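Here is what each chain is made of, one letter per residue.
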Amino acid sequence: MNNGAHNGHGALMTPKAVEDDLLDKGRLRGSTFRIAVIVFAVLSVLGVVGFVIRLADGFGNTPVWGYHAALFAFILTAAQGAPMVAIAPRIANAHWRRSISRVAELFSLVGIVSFVIYIPVAWALPSMEDGRRTLWFYGELNMPAHMPEITTTLVLLALTVNGLWLLWVSAMPDFAMLRDRSTGKKKVWFSRLARGWVGTSGQWNWQKHRLGILGAFYFMMLVTAHFAFSLDFGMSLVPGWIDALYPATHAHNSLQAGVAITLITMYVLYRFGGYKDYINLDQFWGLGKLLFSLSLLWFWFWFSSFIIFWFGAKPSEEAVLDLLFVGPYLPIFFIVFTFAFLVPLWAMIWNPLRKSVWGPVTIACGVLIATLFDRIRVYVAAFSVSESTNKHLMVEIPGAVLPDVADVLIWVGGISACILIYMLGTRIIPPINIWEQKEVLLYRIHKPFHRTEVQVLGKPE
Amino acid sequence: MQEHVQLTQKQINDDLLSSVLHTPRWWWPAVIVTGIIFLTGMGAFGYMLNQGVGVTGLNRPVFWGAYMVNFVFFIGISHAGIMISAILRLTQAEWRRPVTRAAEVLTVFSLMSALMAAPLVHVGRPWRADLWVFPYDFARGIWINIRSPFIWDPSAVMTYLTASSLFVFIALIPDLAVIRDRASGYTRKFYALMAMGWRGTPRQWKLQAIAGILLSALVLPVFVSVHSIVSWDFAVQIAPEAWHSTIFAPYFIIGAIHSGVSAVATLMVIMVWVWGWDKYLKPDHLDAIGRLLIIVATTWFFFFFLEWVFALYTLEDAELAMRDLQVFQWPWSGLFILFLVTAYFIPVPMWLFKSIRRSYFWMFVTTILVNIGMWLERFLIIVPGTMRRGEFIFDWGSYHPSIIEILMVIMTFAWVVLGMLVFTKLFPLIPLFDIKEGMVGRDEIRIGRRIVPASIRE
């Protein structure tokens, strides 16, 4: 079966056939899926065990919470950046996004896990009473001593709710299809979720506008969340770390890792989920190019910060370079630099690799690993200096903090919980956007052109 | 893009070659006026060379004034060409077609103006500029300091100028052949030489397309590096506190795109008004560029916000004093408000309305405002930055540009206008082949009762 998406060739499926095929795929899940769900559920429980062990250290001991903070930062960066892969091409009207927009939007569900993981991090953050430099001008303005926790919590909550709302609005027409084909309790649930969707022109217009507005807000919330977290939970803990670009770098990393995680998820659905008719080379190629350009931007963001510190060579800046780049975390930085920039650069300039399924996915795995290590490098280091007595200049560089058993369990459990909630989400929401697939069939025709046949793609305003 | 007028190849040739094959009555007066302004500026430059830089308003502690502001401003404008041409070409945005050439040419002349503003004029003794690049003394092997941003600057700008000129030329070749086939005598020889034997064979088209894509991809890193390096002229220093910020590279680049794309929009409107090319530069194009500008301007504003937030975050007296000077001390406070209002708060809310985005007049007004604001932005970074009363600065002077500087600033603007005028007389400002290709690749699809514009994909 071919829906005609692959390079624009092949027979076109009817909208009805697309609907039947995708709904069937959603309903019929094999035993492998069930086994995977059980495995990830068990691993998630291990995370809870790790958290209980960590609790024994108490929230007052900030450095031991570094790995937990890094886990949260990693999930925020990778998973919560993924919905942007649906939002940006949708705003740009790029047709190739249609097969992958739901794959990306489903990561909004991970926001719930991410928020739960965040709560202990907020508890572990030292109060502003310790005299560190903060954006909140504590002591000069009448700010509560826990302003960073309050604002970041509100922003993360807004981001999570916004993401879920976006997912719901996007899935509404699909819920209506599921409602019309279900019976009993399922029909009641899908009716509630579809909110009386019958597909009138008014409803389509309403949905289009809501998707635009929610998408724009999601982007703003994502940037604000990265700004708040990177500043209050990272930079402000390191005396002398004044890097105006870092919040933007943090947000950029999120877009890069979001593309990477979407590519990997796409590959899993392509290889094991039976969606080869919908996800094909066009999508891997499109996202691969995006990943390539974001990897080049990674270098530019990093270098823009690095050169100012290196050239300025103020004692406070040299100490920050020591801590984050050339000191105890040098091996980690080396891994980050290699997989976030060097490997994508030298591999993706090679056409056969960029225009393949395996190439972008392999690079994406590297980028995700780099993001993971980068968050460890930044947050474990930042939490490790939180007890420094001089709050404006780092006099002593603390050594590298290695993970203990609790940290490993928390990481395994946290990541498993994210995968679990995503998998469970696909049980309710089709991982391929059915209405977008049906819509593109209207916009695409094939016609003869001189001595060949071409694909004509409509682009509405 | 809902408006579509199908034009024949002959119509396209007639319309777009009108600027080359016919001389409108206003053209000579326009060239003469801008030429006189340019020559007056060159006269002022000669006077400065003769008398020394003392004739300018530059003095301790403000050694960077209007010339450097102009340098940064024109480097910013030059980002239009690559933003519009290379990025939109790589992303296959159809609306780029009538805009690319004008944007690329604007890039080339702006870069020349930038070079005129800094290495030629600002240094005071331009005949010694070679010492930036070549060793001071071959015999003793004393080399220039490659760690100095003043070495990076000319290297980056010259690379960018070379790449941009090549970019313009490669895209011009098919159009040059069209003019060659319509010209006679010496003119024909000139265009034949320039067209380099173009016949429009499949192989030539293929090579031209590949060259365009490759140059687009290669010029992008140059484009990013140029303004990053210009920003590092400021940011790597620690003395003017407000300049020592990691955000400067992206902040300068996004600001450059804001001002450059606005300049292209201004140019598009002028092209419609002057040559009547409204069949090619339609309200749809302005609408698209307006939407792009909303995103660019808001991103720029975000970086501006970050720059300010982190200036306050430092809680360092020197940094706070500098910000106080920029915002609360007259006349900088007035300029600061004018900058914010013209660069963001007037144009962006206006662009949110489709009727404004599709209006030639309002797009002209708003994009001019943006560039007034962006010039002021550079002025407010440079001048209050250097005149702050910091440690070991015992001359607490201010800065007022002298008439010599003002004439030379006007000269650089006149140069861009003059260059564009001469270019339009020699070459088409809208690429003929690109428009024709767009016409061939266009189609329409009927969906229910609506006709949706479509394009052919391989």
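It should be emphasised that the depicted structure is a prediction, and the values quoted were computed from it without experimental measurement. (Residues numbered from 1 in each chain as written. Chains lettered and ligands numbered in written order. Predicted model: local features only at pLDDT ≥ 70, side-chain atom pairs only at ≥ 80, totals over all residues.)

Across the contact, 29 residues belong to chain A and 30 residues belong to chain B. Of all the elements in the fold, those that place two or more residues in the side of chain A that touches chain B are α10 (246–272), α11 (281–312), α17 (434–443), β1 (444–449) and β2 (452–458) of chain A. Sort the elements by how many residues they give to the side of chain A that touches chain B and α11 of chain A lands first, with seven residues. Of the residues belonging to the side of chain A that touches chain B, the class tally is 18 nonpolar, six polar and five charged. Taken together, the four bridges between β2 of chain A and strand β2 (residues 450–457) of chain B define a ladder with antiparallel strand orientation. In the strand pairing of β2 of chain B, Gln455 of chain A is matched with Arg457 of chain B. (Contact = placed C-beta atoms within 7 Å. Helix = DSSP H or I, 4+ residues; strand = E, 2+ residues; numbered from the N terminus. Nonpolar A, V, L, I, M, F, W, Y, C, P; charged D, E, K, R; others polar. Pairing = 2+ DSSP bridges.)

Attention now goes to unusual backbone geometry. Residue and element names in this part refer to chain B. Put simply, Trp330 and Pro331 share a cis peptide bond, and its omega is 5 degrees. Of note, Pro331 is situated in the loop between α12 (317–328) and α13 (332–345). Although it is not a glycine, Met196 sits at a positive phi angle of roughly 50 degrees. Within the fold, Met196 resides in the loop between α8 (185–195) and α9 (202–235).

Here the focus is the pairing of β1 of chain A. All names here are of chain A. One ladder, built from six bridges, connects β1 with β2; its direction is antiparallel. When the bridges of β2 are listed, Pro448 appears paired with Glu453. Between the end of β1 and the start of β2, which pair antiparallel, lie two residues, with His450 showing a positive phi angle near 50 degrees.

For the pair helix α3 (residues 27–51) of chain B and helix α17 (residues 403–426) of chain B, the least separation of the axes is 8 Å and the interaxial angle reads 145 degrees. Seen from above, α3 of chain B lies across α17 of chain B with left-handed handedness. (Axes fitted to C-alpha atoms, helices over the stretch in contact; angles between N-to-C directions. Left-handed = near helix turned anticlockwise from the far one by under 90°.)

Before going further, it helps to examine the environment of Phe333 of chain A. Residue and element names in this part refer to chain A. Tracing the backbone through its elements, the reader meets Phe333 in helix α13 (residues 330–348). Considered as a pair, Phe333 and Lys185 are 148 residues apart in the sequence and their alpha carbons are 52 Å apart. Those residues in contact with Phe333 that sit more than four places away from it in its chain are Phe325 and Arg377.

Attention shifts here to the pairing of strand β1 (residues 442–447) of chain B. Residue and element names in this part refer to chain B. Pairing between β1 and β2: six bridges, direction antiparallel. Note that in β2 the partner of Asp443 across the bridge is Ala454. Between the antiparallel neighbours β1 and β2 lie two residues, among them Gly448 with a positive phi of about 60 degrees.

Looking now at α12 of chain B. All names here are of chain B. Between its terminal C-alpha atoms α12 stretches 16 Å, which fits the 16 Å expected from 12 residues at 1.5 Å a residue. Three or more residues of α12 are buried, namely Glu319, Met322, Leu325 and Gln326. Each buried residue of α12 lies within a common arc of 120 degrees when the element is viewed along its axis, so the set occupies one face. Exposed and oriented more than 90 degrees from the buried face of α12 are Asp317 and Phe328. (Expected span 1.5 Å × (residues − 1). Buried ≥ 20, exposed ≤ 12 C-beta atoms within 10 Å, placed from the backbone. Arc of directions from axis to C-beta.)

A few words now on helix α18 (residues 432–440) of chain B. Inspection of α18 of chain B places Leu432, Phe433, Asp434 and Ile435 of chain B among the buried residues, and these make up the whole buried set. At its buried positions, α18 of chain B is contacted by α1 (9–16), α6 (100–122) and α7 (149–182) of chain B.

Residue and element names in this part refer to chain A. Mean pLDDT over chain A stands at 88; residues scoring 70 or higher make up 96%. Predicted confidence in chain A is weakest over helix α1 (residues 15–27), with a mean pLDDT of 80, and strongest over helix α3 (residues 66–78), with 95. Under a pLDDT of 50 for its full length, residues 1–11 has, in the predicted model, 27 contacts with residues more than four places off or in other chains. (pLDDT = per-residue confidence, 0-100.)

Let us look at the confidence of the model for chain B. All names here are of chain B. Scored by pLDDT, chain B comes out at a mean of 87, with 95% of its residues at no less than 70. When pLDDT is averaged over each helix and strand of chain B, the minimum, 78, is found for helix α5 (residues 79–90) and the maximum, 95, for helix α14 (residues 347–351). If you check the scores for this complex, the pTM reads 0.90 and the ipTM reads 0.88.

The subject of this paragraph is the sheet that holds β2 of chain A. On the basis of which strands lie adjacent, the open sheet formed by four strands has the order β1(A)-β2(A)-β2(B)-β1(B) and antiparallel pairing. The open sheet is flanked by β1 of chain A together with β1 of chain B, the only strands paired with a single partner. Averaged over all pairs of adjacent strands, the angle between their axes in this sheet comes to 40 degrees, without regard to strand direction. Seen against the sheet, α17 of chain A touches β1 and β2 of chain A together with β1 and β2 of chain B and runs at an angle of roughly 30 degrees to β1 of chain A.

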